[in-house]
Amino acid sequence: MRHKRVNVKGGGKFPFLFCLTMQQSEVDKLVEKGLSELGFDDTYLIETKVKVNKIEIFLDSDEGVNFLKCQKISRWLEAIFDEKKTFGETYILDVSSAGVGSPLKLLRQYPKNIGRTIEIKYGEGKSVRGILKSVVDHLISVEYESIDKEGKKNKKVRLTEEIKFEDIIESKIKISFN
């Protein structure tokens, strides 16, 4: 990845990405403040992407994110961005739910998905696909089927894998259309 360098007073150089990261962290704090002020205690920030004049904000909620929540937080943010000219006169603000198929990034996202099919990559090259059974502290339990050979017959066996949240590299809820 190449970074554009920007000269700053005093002759020092900083990667352009550094400026965006600073701006992104400020947007994160602003979103958190907006969620609190609007009384959306069950809603939380998953990710913010800031690119020059495009701001993308992805939210999730213990009860699910709906259009009205996205609209209210979007308007709340727009009022502040417009007043302070944070992104100039023209910018794109997109506030939405993380969406089906998006990776789970926070431990808080797991409990509402208990009973659903999940695929988790963890540790060094390990993965499991099964039913999310429980979340206790930082331990995620996934039940899956395995086939054991007994003589000439194959026997399906249900196993449970317990994975520390800290060991998870990526996890996604899998949607079934059966």
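Check the entry above for the structure.
Computed from a predicted model, the values in this text were never measured in an experiment. (Residues numbered from 1 in each chain as written. Predicted model: local features only at pLDDT ≥ 70, side-chain atom pairs only at ≥ 80, totals over all residues. Heavy atoms only, no water.)

**Student:** Talk me through the nonpolar core; I want residue IDs and the actual numbers.
**Tutor:** In this structure, I57 and L77 are the most contacted members of the largest nonpolar core, which totals 20 residues. At the level of elements, α1 (16-37), β3 (43-51), β4 (54-61), α2 (67-84) and β5 (92-97) are the ones that each hand at least two residues to this core. In this view, I57 contacts V27, V31, L45, E47, T48, L77, L93, D94, V95 and S96; residues no more than four positions away in its chain are not counted. Counting residues in each nonpolar core, the second largest holds 14 residues, with Y110, I140, Y144 and F165 among its members. (Core = buried A, V, L, I, M, F, W, Y, C linked by side-chain atoms within 4.5 Å. Buried < 20%, exposed > 50% of the residue type's maximum accessible area, 1.4 Å probe, protein only. Helix = DSSP H or I, 4+ residues; strand = E, 2+ residues; numbered from the N terminus. Contact = heavy atoms within 4.5 Å.)

**Student:** Go over the sheet that holds strand β9 (residues 153-164) with me, naming the residues and quoting the values.
**Tutor:** Strand order across the open sheet formed by 5 strands is β9-β8-β7-β6-β10, with antiparallel pairing between neighbours. The open sheet has two free edges, formed respectively by β9 and β10 (168-173), since each of these has just one partner strand. Across the sheet, the axes of successive neighbouring strands diverge by a mean angle of 35 degrees, strand direction being ignored. (Pairing = 2+ DSSP bridges. Axes fitted to C-alpha atoms, helices over the stretch in contact; angles between N-to-C directions.)

**Student:** Kindly report on the layout of surface pockets, identifying the contributing residues and their values.
**Tutor:** The volume enclosed by the largest pocket comes to roughly 250 Å³. Lining the largest pocket are 17 residues, and of these D60, G99, V100, K112 and R116 lie nearest its centre. Partitioned by chemical class, the residues of the lining of the largest pocket number 8 nonpolar, 6 polar and 3 charged. (1 Å grid on protein atoms, 1.4 Å probe; cavity = no way out; pocket = protein on both sides within 12 Å on 5 of 7 lines; lining within 4 Å. Points joined across faces, edges and corners; volume = space filled by probe spheres on them. Nonpolar A, V, L, I, M, F, W, Y, C, P; charged D, E, K, R; others polar.)

**Student:** Residues and numbers for the pairing of β5, please.
**Tutor:** The pairing of β4 with β5 spans 6 bridges and is classified as parallel. Considered in β5, the bridge of L59 is made with S97. In this region the chain leaves β4, passes through α2 and returns to the parallel neighbour β5; the handedness of that crossover is right-handed. (Right-handed = clockwise from strand over helix to strand, strands pointing away.)

**Student:** Quick rundown of a nonpolar patch on the surface? Include the residues and the values.
**Tutor:** On the surface, V100, I175 and F177 cluster together into a nonpolar patch covering about 380 Å² of accessible area. Its place among the elements puts F177 in the segment after β10. (Patch = residues over 30% accessible without salt bridge, like charges linked within 9 Å, V, L, I, M, F, W, Y side chains within 5 Å. Areas by Shrake-Rupley, 256 points an atom, 1.4 Å probe, with all protein chains shown as cover. Salt bridge = Lys/Arg side-chain N within 4 Å of Asp/Glu carboxyl O.)

**Student:** An account of α2 is needed here, citing residue identities and associated values.
**Tutor:** For α2, with 18 residues, the first-to-last C-alpha span of 26 Å sits near the 26 Å given by 1.5 Å per residue. Looking only at α2, the buried set comprises K69, C70, I73, S74, W76, L77, I80 and F81. An end-on view of α2 places all buried positions within 165 degrees of arc, on one side of the element. Counted as exposed and oriented over 90 degrees from the buried face of α2: F67, R75 and E83. Structurally, the start of α2 carries an N-cap: the backbone nitrogen of L68 is 3.2 Å from a side-chain oxygen of N66. In the segment just after α2, K85 is the residue with positive phi, at about 55 degrees. (Expected span 1.5 Å × (residues − 1). Arc of directions from axis to C-beta. Polar contact = N/O pair within 3.5 Å; in protein donor to acceptor, adjacent residues only side chain to side chain.)

**Student:** Break down the pattern of salt bridges for me, citing the residues and quoting the values.
**Tutor:** Applying the stated rule across the entire model yields 14 salt bridges. Between K69 and D42 there is a salt bridge, and its shortest N-O distance comes to 3.0 Å. Of this pair, K69 sits in helix α2 while D42 sits in the loop between α1 and β3; the two residues are 27 residues apart in sequence, bridging distant segments of the chain. By relative accessible area, K69 is classed as buried at 12%. Between E170 and K121 there is a salt bridge; the shortest N-O distance is 3.9 Å. Pair noted here: E170 is in strand β10 and K121 is in strand β6 (residues 117-122), with a separation of 49 residues, a long-range link. A single salt-bridge network, built from bridges that share partners, covers K133, E143, E145, K156 and R158.

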